[in-house]
Amino acid sequence: FLATSGVLALRTQGGINLDVGSIKTNAENESARVVWVYSFGKSGSSTLQEFIVNASVGENKPFALFEPCHIGDSSDFANCSEEMASLMNCDFEKMHVLAMWNFSFHTDSPYSPSAATSLCQQANVRVFKTIHTHDIRADLEFVGARVENLRIINILRDPRGTYLSAKASDMVENAMDSLMPTNMGMSLQSTERGEQNFLSGPDYIRYLCQTMEHFHHMWHERVMTVRFEDLLLKGQDIMPEILEFLGLESQEDLEARVNEVYPAMSLSEVQEIDHLNSEMTAEEKDAFASPECLAALKAWDYLDE
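What you are looking at is a predicted structure, and each value in this text was computed from that prediction instead of being measured.

1. Considering the packing of helix H2 (residues 80-88) against helix H4 (residues 136-144)
Orientation of H2 relative to H4, taken along the N-to-C sense of each, is 40°, at an axis distance of 9 Å. Here H2 is positioned oblique relative to H4, judged by the angle of their axes. Helix-helix and strand crossings are classified by hand; for H2 and H4 the assignment is right-handed. Judged by residue contacts, Ser81, Glu82, Met84, Ala85 and Met88 of H2 engage Ala138, Asp139, Phe142 and Val143 from H4. Considering only residue class, the contact of H2 with H4 consists of 6 nonpolar, 1 polar and 2 charged.

Here is the structure:
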């Protein structure tokens, strides 16, 4: 699925070499719906995850986990696919540190494997979101075979908006560090960047575009791809479709909820949010004008005709 040369190969070096027998399948609450919000950072995934969690409240009891497979985590897993399969089955035994645990909506308590396992097992809706794993076909092949009722919402944003928002938030360096071969597995620790593994902003731009262009060729019945901009332009149409895809019932106040979180915007307002008029360096402009970026922009209807 992913290219094996250039910057895109950094995320897949070493291949998928997984210990299949090491993943436990949680027998408790086997009917739980499992949602994976799959994204790049600064693509609207946090808002979407929170919306899905809040829409699950009522007869459902949700569990939310914010950005596992993150720099700063510590575990005994070999890679992100293995980690996600285990956590989605409520097996946190090998997960020693979850750097983003207290952003997960459900608790201010310190992370512990036993507490996380208990909260997860009690839930009949489990909502996970990641920003540092992007080989969706490999992830789906491995995790989907081990997690019942898995549904993936793959949320995309104009790569110019993703990159420029990350740049404005000083997130580009961490985003690039997450692509390093040394950070592939479950030692996604914060490390000093060395000259030998340096990636530039334009490298990350090309990676964004290559990945998005490959997503365009990906279809699976368990994956729904949504553009961030469409949530802003027509959230009233999109959110009921997302909830139906996830098997969650639309609540009576859904329209009001959508209006609060995704108030309808004009195209010019959305373009402003995507920073399309922001200044870029010559190198950044060249990266967005590269064949891979032009292909991605065209594939996802981000190019003006």
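That shown, we press on.
2. With respect to H4
Within H4, 7 of the 9 residues are buried, which leaves it mostly tucked inside the rest of the structure. Among the residues of H4, Ile136, Ala138, Asp139, Leu140, Phe142, Val143 and Gly144 are the ones counted as buried. Here the buried face of H4 lies against strand E1 (33-38), H2, strand E6 (150-156), helix H7 (201-215) and strand E7 (223-227).

3. Quick word on the state of the cysteines
Enumeration according to the criterion identifies 3 disulfides in this entry. For Cys69, the disulfide goes to Cys80, at an S-S distance of 2.3 Å. What sets the handedness of the Cys69 and Cys80 disulfide is the S-S torsion sign, and at about -135° it is left-handed. One end of the pair, Cys69, is in the loop between strand E2 (62-66) and strand E3 (74-75); the other, Cys80, is in helix H2, and 11 residues separate them in sequence. Here Cys90 pairs with Cys120 through a disulfide, and the sulfurs are 2.1 Å apart.

4. Digging into the pattern of salt bridges
Pairs can form between side chains of opposite charge whenever their charged atoms are close. Summed over the entire model, instances satisfying the criterion amount to 7 salt bridges. Among the salt bridges present, the one from Glu67 reaches Lys129, with a minimum N-O distance of 2.6 Å. With a gap of 62 residues between them, Glu67 in the loop between E2 and E3 and Lys129 in strand E5 (residues 125-130) connect regions that are remote in the sequence. A salt bridge links Arg206 to Glu292; its shortest N-O distance comes to 4.0 Å. With a gap of 86 residues between them, Arg206 in helix H7 and Glu292 in helix H12 (residues 291-299) connect regions that are remote in the sequence.

5. Some remarks on the environment of Pro159
Mapping Pro159 onto the fold places it in helix H5 (residues 159-168). Judged by its relative accessible area of 0%, Pro159 is buried. Not counting residues within four places of it along the chain, the set of residues in contact with Pro159 comprises Leu208, Cys209, Met212, Phe288, Leu297 and Tyr302.

6. A short note on the confidence of the model for the chain
On average, residues of the chain score 82 in pLDDT, and 81% of them reach the 70 mark or higher. By mean pLDDT, the top-scoring element of the chain is E6 (97), and the lowest-scoring one is helix H6 (residues 172-177) (80). Low pLDDT, under 50, characterises residues 1-27; the predicted model gives this stretch 65 contacts beyond four residues in sequence or across chains. Confidence drops under a pLDDT of 50 for residues 184-198, and excluding neighbours within four residues, the segment shows 42 contacts in the predicted structure.

7. Some details on the packing of aromatic side chains
One pass over the full model with this rule turns up 12 aromatic pairs. With centroids separated by 6.2 Å and ring planes inclined at 80°, the aromatic side chains of Phe63 and Phe92 adopt a geometry described as edge-to-face. Taken as a pair, Phe63 in strand E2 and Phe92 in the loop between H2 and strand E4 (95-97) lie far apart in primary sequence, 29 residues in all. Pair check on accessibility: Phe63 and Phe92 agree, each one buried.

8. Some points on the packing of helix H1 (residues 45-56) against helix H8 (residues 228-246)
Running from N to C, H1 and H8 cross one another at 50°; their axes reach a closest spacing of 12 Å. In terms of their interaxial angle, H1 and H8 are classed as oblique. Classified by chirality, the crossing of H8 by H1 is right-handed. Counting all contacts with H1, which are made through Leu48, Phe51, Ile52 and Ala55, the residues of H8 involved are Leu231, Met239, Ile242, Leu243 and Leu246. Here the contact of H1 with H8 is composed, by residue class, of 9 nonpolar, no polar and no charged.

Cut-offs applied
- Residues numbered from 1 in each chain as written.
- Predicted model: local features only at pLDDT ≥ 70, side-chain atom pairs only at ≥ 80, totals over all residues.
- Heavy atoms only, no water.
- Axes fitted to C-alpha atoms, helices over the stretch in contact; angles between N-to-C directions.
- Helix = DSSP H or I, 4+ residues; strand = E, 2+ residues; numbered from the N terminus.
- Parallel < 35°, antiparallel > 145°, perpendicular 65-115°, else oblique.
- Left-handed = near helix turned anticlockwise from the far one by under 90°.
- Contact = heavy atoms within 4.5 Å.
- Nonpolar A, V, L, I, M, F, W, Y, C, P; charged D, E, K, R; others polar.
- Buried < 20%, exposed > 50% of the residue type's maximum accessible area, 1.4 Å probe, protein only.
- Disulfide = S-S within 2.5 Å.
- Salt bridge = Lys/Arg side-chain N within 4 Å of Asp/Glu carboxyl O.
- pLDDT = per-residue confidence, 0-100.
- Phe/Tyr/Trp six-rings, centres within 6.5 Å; stacked < 30°, edge-to-face > 60°.

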